[in-house]
2 protein chains.
Amino acid sequence: MDIQIIGYVAAVLTTSSFLPQVIKVWKSKSSKGISVTMYIVMLTGVILWGIYGYCIGSKSVLMANLVAGILQAIILIIIFKNKRKNPR
Amino acid sequence: MDIQIIGYVAAVLTTSSFLPQVIKVWKSKSSKGISVTMYIVMLTGVILWGIYGYCIGSKSVLMANLVAGILQAIILIIIFKNKRKNPR
């Protein structure tokens, strides 16, 4: 079996995993319980992973981190928007 | 610069990013706002990433996903423990 297939399946899973969280934060308009620090550190790491994937020529690592980064950025934007509306 | 260094920095960031969430769920004893689906799908993906990293000989991909997988499993265990104590 082509190893890249495992990479692509892994990429689809870890990337799409952020979607339920995007929907949950979007619908509930609440980020209670979610660690903002986690998403900031993770987004930084994901950007570096994207660069790493590009450098080692792994398309699955590059693409997975590109899409994951976009979804994490969306989660962070919604969290900060809600915090401004409902400051604690 | 060695490309592997970028991989290792990325690995440390995305892996350690789960720690604040582990601490937050642990302290608050609440998983409100957190998508359980996200962590289940992500853990499955992370296991596949680990296999992929092993197959392409990328130690940083393998190690990052191994540690991230352990932290995500801890988050899931705490969430399910709390759900059993405080069923909604």
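For the structure itself, look to the data block above.
These notes cover the structure that comes with them. (Residues numbered from 1 in each chain as written. Chains lettered and ligands numbered in written order. Predicted model: local features only at pLDDT ≥ 70, side-chain atom pairs only at ≥ 80, totals over all residues. Heavy atoms only, no water.)

Bringing the nonpolar core into the picture now. Phe18(A), Tyr39(A), Phe18(B) and Tyr39(B) are the most contacted members of the largest nonpolar core, which has 32 residues in total. Mapped by element, the contributors of at least two residues to this core are helix H2 (18-28), helix H3 (36-55) and helix H4 (59-85) of chain A together with helix H2 (18-28), helix H3 (36-56) and helix H4 (59-85) of chain B. Those residues in contact with Phe18(A) that lie beyond four places of it in its chain are Tyr39(A), Met42(A), Ala68(A), Leu71(A), Gln72(A), Ile75(A), Met38(B) and Met42(B). Within the second largest apolar cluster, 14 residues are counted, among which are Ile6(A), Ala10(B), Tyr52(B) and Ala64(B). (Core = buried A, V, L, I, M, F, W, Y, C linked by side-chain atoms within 4.5 Å. Buried < 20%, exposed > 50% of the residue type's maximum accessible area, 1.4 Å probe, protein only. Helix = DSSP H or I, 4+ residues; strand = E, 2+ residues; numbered from the N terminus. Contact = heavy atoms within 4.5 Å.)

The interface is formed by 37 residues belonging to chain A together with 37 residues belonging to chain B. Roughly 3,100 Å² is buried in total at the junction of chain A and chain B, and carbon and sulfur atoms are behind 75% of that figure. On the chain A side of the interface with chain B, the three residues burying the most area are Met38(A), Trp49(A) and Tyr52(A), jointly 20% of the side's total. For the interface between chain A and chain B, the tally reads 14 residue pairs in polar contact (both at pLDDT 80 or more). Elements that contribute at least two residues to the side of chain A that touches chain B include exactly helix H1 (3-16), H2, H3 and H4 of chain A. The element contributing the most residues to the side of chain A that touches chain B is H3(A), with 13 residues. Grouping the amino acids of the side of chain A that touches chain B by side-chain chemistry returns 22 nonpolar, 13 polar and two charged. (Buried area = accessible area lost by both parts, 1.4 Å probe. Polar contact = N/O pair within 3.5 Å; in protein donor to acceptor, adjacent residues only side chain to side chain. Nonpolar A, V, L, I, M, F, W, Y, C, P; charged D, E, K, R; others polar.)

Next up on the list: a nonpolar patch on the surface. A grouping of Met63(A), Leu66(A), Val67(A), Ile70(A) and Ile74(A) is seen on the molecular surface, where their side chains present a nonpolar patch of about 420 Å² in accessible area. Looking at where Leu66(A) falls in the secondary structure, it is placed in helix H4. (Patch = residues over 30% accessible without salt bridge, like charges linked within 9 Å, V, L, I, M, F, W, Y side chains within 5 Å. Areas by Shrake-Rupley, 256 points an atom, 1.4 Å probe, with all protein chains shown as cover. Salt bridge = Lys/Arg side-chain N within 4 Å of Asp/Glu carboxyl O.)

What follows is about H2(A). Phe18(A), Gln21(A), Val22(A) and Val25(A) are the residues of H2(A) that are buried. The buried residues of H2(A) occupy one face: seen down the axis, they fall within an arc of 105°. Those residues of H2(A) that are buried lie in contact with H1, H3 and H4 of chain A together with H3 of chain B. Looking one or two residues past H2(A), Lys29(A) carries a phi angle of roughly 50°, positive in sign. (Arc of directions from axis to C-beta.)

Turning our attention to the side chain of Gln72(B). With respect to the helices and strands, the residue Gln72(B) is situated in helix H4. Leave out the neighbours within four places in its chain, and Gln72(B) touches Phe18(B), Tyr39(B), Met42(B), Leu43(B) and Val46(B).

When chain A is fitted to chain B, the residual RMSD is 0.0 Å, and the transformation amounts to a turn of 180° plus an axial shift of 0.0 Å. Considering both components of the superposition, the chain copies are consistent with a two-fold axis. Here 100% of the contact residues of chain A are again contact residues in chain B; the copies associate through an equivalent surface. (Least-squares fit on C-alpha atoms with pLDDT ≥ 70 in both.)

What follows is about the environment of Leu71(B). Residues and elements named next belong to chain B. Within the fold, Leu71 resides in helix H4. Remark: the alpha-carbon pair of Leu71 and Leu19, spanning 52 residues in sequence, is separated by 7.1 Å. In this structure, Leu71 is in contact with Thr15, Phe18, Leu19 and Val22, ignoring residues within four places of it in sequence.

On their own, these measurements won't tell you what the molecule is for.
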